[in-house]
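Each chain, written out:
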Amino acid sequence: METDLYTNMNIIDQLATTYREKFGYAPTHIARAPGRVNLLGEHVDYNNGFVLPAAIDRATYVAFSPTNARHSMLWALDLNQQVSFSVETLASKTQANSSPLPEWALYPAGVMNVLHEEQLSLLNMTAVFSSNVPQGSGLSSSASIEMAFMIAWQMLGGWTLPPMKRALLGQRAENQYVGVNCGIMDQFASACGVENKLLLLDCRSLEWKTVPLPENVSIVIADTTVRRKLTSGEYNKRRSACEEAVRLLQQDLPNIKSLRDVGVEEFNGLAKKLPKEIEKRARHVVEEIGRSNQAEALLEAGDIQNFGRLMNECHVSLRDLYEVSCPELNVMVNIAQSLDGCCGARLTGAGFGGCTVNLVAKEKAESFAQALAKGYEAETGLHPEIYISHASNGAGLLK
Ligand code: GLA
């Protein structure tokens with residue numbers, strides 16, 4: 001049940017083999033960029049709040065070499081699909097043969113586009129890539145693809161950008177090229193991850209630090225296996241609602257720039273002036289920023305019970321106020337919270353399906369995972385994937 005190096009070694013071996021079969025020689029390099037799980041501070045990054053993610057031990061791997069060909073050729077092993085594009089075809093989002101880029105290729109192409117905008121030296125590559133971050137699961141498979149290709153193009157171009165700069169460029173690629181108005185959290189965690197540590201990021205100043213996870217707890221990730229379509233539309237709507245809330249609140253609080261600047265008490269005093277739906281969305285953000293503000297002190301003090309309580313409150317708020325949960329996520333969270341050893345459980349990531357994150361007493365983690373899988377399956381008929389995760393390092397070259 002525990003992911004380990006074997007899973008990752010299998011992927012790397014498979015990539016190298018496929019690469020050799022396709023191109024007739026071994027790849028010169030392998031880049032890796034992890035997914036992430038977020039413990040607290042959900043849907044607050046684009047409101048300038050604080051987030052507490054960790055890079056996880058599941059990642060996207062890219063086996064690649066430079067090529068003199070006029071296009072980069074990318075093979076997506078998991079989809080058995082290939083695309084080729086170059087700086088000349090980026091603006092039209094097409095391939096070398098003029099057909100439109102498939103959805104999945106917008107991520108690496110978006111990265112190439114943003115690097116081209118930055119006027120960084122870009123070489124074409126032949127690449128085979130694969131990921132064990134499940135797609136659409138709330139574990140940032142998109143950011144891990146972006147950050148892995150960023151590392152690959154960095155290597156080939158001979159320049160070096162600081163990890164936070166790579167994260168910002170990845171976010172820009174996703175905002176402008178893919179069209180998802182995401183915040184900085186996912187690319188940040190994938191770029192800056194630190195083994196065995198949680199990462200506390202101030203999304204306004206971009207200052208961050210590591211926070212230790214107390215040794216007696218494990219992070220257990222539970223995938224409902226439910227995937228929602230049209231997530232980006234709902235996500236962008238939530239973001240617009242927050243912007244609308246700021247615009248309306250500025251009538252009374254002219255100095256605020258984002259919901260980060262509004263305290264809970266202050267918000268309570270003005271809430272009734274907002275349309276109901278906008279009020280609910282903004283209340284989640286204001287209260288969640290309040291919760292994430294407490295995270296560091298609680299973790300430093302090893303107060304997992306109270307930290308877990310904040311995670312549970314976060315889930316209720318995402319479910320009832322932000323309305324980004326779904327029945328399967330609620331079932332997974334309810335069962336988890338009833339099990340022995342569970343300190344806190346909630347949906348993680350954007351929502352609408354995907355995974356929950358659970359903080360569990362270390363010695364109970366295995367039995368918790370088994371009981372959760374059994375309970376979820378009995379209630380929904382779905383086979384969940386549940387695993388104990390470890391915080392990993394951020395994106396880099398393996399070879
Ligand atoms: C997605 C986005 C992030 C963040 C989360 C919700 O993962 O990419 O920027 O907004 O949703 O916290």
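The present account deals with the structure reproduced in this document. The model shown is predicted, which means the values in this text are computed figures rather than measured ones.

Conventions adopted
- Residues numbered from 1 in each chain as written.
- Predicted model: local features only at pLDDT ≥ 70, side-chain atom pairs only at ≥ 80, totals over all residues.
- Heavy atoms only, no water.
- Near = heavy atom within 4 Å.
- Polar contact = N/O pair within 3.5 Å; in protein donor to acceptor, adjacent residues only side chain to side chain.
- Areas by Shrake-Rupley, 256 points an atom, 1.4 Å probe, with all protein chains shown as cover.
- Nonpolar A, V, L, I, M, F, W, Y, C, P; charged D, E, K, R; others polar.
- Disulfide = S-S within 2.5 Å.
- Buried < 20%, exposed > 50% of the residue type's maximum accessible area, 1.4 Å probe, protein only.
- Helix = DSSP H or I, 4+ residues; strand = E, 2+ residues; numbered from the N terminus.
- Expected span 1.5 Å × (residues − 1).

### Describing the site of the ligand
Neighbouring the ligand are Arg36, Glu42, His43, Asp45, Tyr46, Cys182, Gly183, Met185, Asp186, Tyr235, Gly349 and Ala350. Glutamate 42 is positioned with one of its side-chain polar atoms (N or O) 2.6 Å from an oxygen atom of the ligand. Between glycine 183 and the ligand, the recorded distance is 2.9 Å, taken from a backbone N or O atom to an oxygen atom. Coverage of the ligand by the protein chains reaches 93% of its 310 Å² of free accessible surface. For the shell around the ligand, the per-class residue count stands at 5 nonpolar, 3 polar and 4 charged.

### Some thoughts on the state of the cysteines
If you walk through the whole model with that rule in mind, you get 0 disulfides. Between cysteine 203, a free cysteine, and cysteine 182, which holds the nearest cysteine sulfur, the sulfur-to-sulfur gap is 11 Å. Residue cysteine 203 is classed as buried on the basis of its relative accessible area of 7%.

### Some remarks on helix α4 (residues 141-157)
Over its 17 residues, α4 runs 24 Å from end to end, which matches the ideal 24 Å to within 8%, given 1.5 Å per residue. Burial of α4 is extensive: 15 of the 17 residues sit out of reach of the surface. Phi turns positive, to about 75 degrees, at glycine 158, one or two residues after α4.

Remember, this is a structural readout, not a statement about activity or role.
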